[in-house]
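Secondary and tertiary structure notes
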Amino acid sequence: MPVLTVSDLNVRFALHQSEVTAVSDLSFSLEPGETLAVVGESGSGKSQAFLSLMGLVAKNASVSGRAMLGDVDLLALGHSDLNRYRGKDIAMIFQDPMTSLNPSLRVKAQLAEVLVRHQGYTPEQAIRAAIEMLERVGIPEPVKRANAYPHELSGGMRQRVMIAMALLCKPKVLIADEPTTALDVTVQAQMLDLFKNLTTELGTALVLITHDLGVVAGIADRMMVMYGGRCVEKGPTDALFYDPRHPYTLGLLHSTPHVAKRAKRLDPIQGLPPSLEHLPQGCAFHPRCAFRLERCFAERPPLAPVEAAHEKACWYQGDLNYEEVA
């Protein structure tokens, strides 16, 4: 049974003289212990989709649809009711831990607060549990680090603190928004191994939001590719890596370095992502697409099954081969 089911999620922002749709008709489900990678360029709507589930959208935003966490619709909850689930049943790790941690409080105080608020621990019990979790996420000398301030820790250490904080209440769903972007390659690999081990051990479902397909390959069970605020392809990770059916997914793969291929140059997607305020008519990707058809200019393709558990939103039905259209 899915731990999270999102149906027809729409996120719109009211501007002075117009309205921008940042997320359009997004639907997906997440099983316990599963890792879903949400990929796409900046501005594709991937972060806004999950911030809306957490109730962390701007005041000019309107959110519609359903987001069922078990039998609770997160989108129907008020701020105070949502606080009962946020951090306890669904948690989020942000890209920059330095802006997420309070610089004036020791690490142990920030971790302990989560357990005192959501689990009813005494401060002493909470600090002991926090130190145990710091050790669990691979922080050396956890007692010493617990007594430190955030600025006294390295970027990798701060990110581990954020992961520890998110996992303290053993949430059903953990959302990680670009968690490895600011880290060097060695620390990135350690973080991904940590995520993999903890989701297996705790049964937590993980949403990994990223623009880096290299991060996805070894950890995600399924992928959801977003462009212009919509899902344009989703399915098992292997299927999207080895048999992509949407030209945008193919473009992302071609623009990602691959050691095994030893290509002399990358083949980036031409052009720029569209402004959500002025999306092209029809398929939003058609101005950058080498496989566009006449109907792509006028008709927006629906997300439709390609085969079992694999869907795409594209009118082109032939094989995706760049050499044929070069």
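Treat the numbers as computed from the prediction; the structure is a model and nothing was measured. (Residues numbered from 1 in each chain as written. Predicted model: local features only at pLDDT ≥ 70, side-chain atom pairs only at ≥ 80, totals over all residues. Heavy atoms only, no water.)

If you look at the biggest cluster of nonpolar residues, it comprises 42 residues, and the most contacted ones within it are Leu111, Leu134, Val137, Val161, Ile163, Leu174 and Phe195. Within the residue set of this core, elements represented by two or more residues are strand S6 (90-93), helix H4 (107-119), helix H5 (123-136), helix H7 (155-167), strand S7 (173-177), helix H8 (185-202) and strand S8 (205-210). Ranked by residues supplied to this core, first place goes to H7 with eight residues. Setting aside residues up to four positions removed in sequence, Phe195 forms contacts with Ile93, Ile163, Leu174, Ala176, Pro179, Leu206 and Ile219. In this structure, Leu4, Val72, Leu74 and Ile209 belong to the second largest nonpolar core, which totals 36 residues. (Core = buried A, V, L, I, M, F, W, Y, C linked by side-chain atoms within 4.5 Å. Buried < 20%, exposed > 50% of the residue type's maximum accessible area, 1.4 Å probe, protein only. Helix = DSSP H or I, 4+ residues; strand = E, 2+ residues; numbered from the N terminus. Contact = heavy atoms within 4.5 Å.)

Turning to the sheet that holds S7, a few remarks are in order. Read from one edge to the other, the open sheet built from eight strands follows the order S6-S7-S8-S3-S9-S10-S12-S11, with strand pairing classed as mixed. Two strands close off the open sheet at either side, each with one partner strand: S6 and strand S11 (304-307). Each neighbouring strand pair of the sheet contributes to a mean axis angle of 20°, computed without reference to strand direction. Examined bridge by bridge, strand S10 (residues 230-236) and strand S12 (residues 310-312) share two bridges and lie antiparallel to one another. Residue pairing across strands places Glu233 opposite Lys312, the latter belonging to S12. Against the sheet, helix H1 (residues 46-53) touches strand S3 (35-39), S6, S7, S8 and strand S9 (222-227), its axis set at about 140° to S8. Running over the sheet, H8 touches S3, S6, S7 and S8 and is turned about 155° from S8. (Pairing = 2+ DSSP bridges. Axes fitted to C-alpha atoms, helices over the stretch in contact; angles between N-to-C directions.)

As a further point, take the environment of Tyr242. Mapped onto the fold, Tyr242 is located in helix H10 (residues 237-242). Residue Tyr242 is classed as exposed on the basis of its relative accessible area, which comes to 71%. Taking the C-alpha atoms as reference points, Tyr242 and Leu253, separated by eleven residues in sequence, lie 9.5 Å from one another.

Moving on to the sheet that holds strand S1 (residues 4-14). Read from one edge of the open sheet, four strands run S2-S1-S4-S5, paired in antiparallel fashion. One side of each edge strand has no neighbouring strand; the edge strands of this open sheet are strand S2 (19-30) and strand S5 (72-73). As judged from the eight bridges shared by S1 and S2, these two strands associate in the antiparallel manner. Paired with Leu9 across the bridge in S2 is Leu26. Along the sheet, H1 makes contact with S1, S2 and strand S4 (61-69), crossing S1 at roughly 105°.

Moving on, we get to the environment of Met165. In this structure, Met165 sits in helix H7. Using a relative accessible area of 17% as the deciding quantity, one classes Met165 as buried. For the pair formed by Met165 and Leu115, sequence separation is 50 residues and the distance between their alpha carbons is 9.2 Å. Those residues within four positions of Met165 in sequence are excluded, and the remaining contacts are Leu101, Gln110, Leu111 and Val114.

This brings us to the pattern of salt bridges. Throughout the structure, instances matching the rule amount to 13 salt bridges. In this structure, the salt-bridge partner of Asp243 is Arg245, at a minimum N-O distance of 2.9 Å. A residue is classified by how much of its surface remains accessible, and Asp243, at 32% relative accessible area, is partly exposed. (Salt bridge = Lys/Arg side-chain N within 4 Å of Asp/Glu carboxyl O.)

With that settled, consider the packing of H4 against H7. Here H4 crosses H7 at 20°, and the two axes come no closer than 9 Å. Judged on the interaxial angle alone, H7 and H4 are roughly parallel. For the element pair H4 and H7, the recorded crossing hand is right-handed. The segment H4 lies against H7, with Val107, Gln110, Leu111 and Val114 engaging Val161, Ala164 and Met165. Of the residues contributing to the contact of H4 with H7, the split by class is six nonpolar, one polar and no charged. (Parallel < 35°, antiparallel > 145°, perpendicular 65-115°, else oblique. Left-handed = near helix turned anticlockwise from the far one by under 90°. Nonpolar A, V, L, I, M, F, W, Y, C, P; charged D, E, K, R; others polar.)

A few words on the packing of aromatic side chains. One pass over the structure, following the stated rule, counts five aromatic pairs. Between the aromatic rings of Tyr248 and Phe285, the centroid separation amounts to 5.3 Å while the plane-to-plane angle is 65°, which identifies the pairing as edge-to-face. Taken together, the positions of Tyr248 in helix H11 (residues 247-254) and Phe285 in the loop between H11 and S11 put the pair 37 residues apart, joining distant regions of the chain. Residue classification places Tyr248 among the buried residues on the basis of a relative accessible area of 0%. The residue whose ring lies beneath Arg295 is Trp315, and the NZ or CZ to ring-centre distance is 3.5 Å. (Phe/Tyr/Trp six-rings, centres within 6.5 Å; stacked < 30°, edge-to-face > 60°. Lys NZ or Arg CZ within 6 Å of the ring centre and 35° of its normal.)

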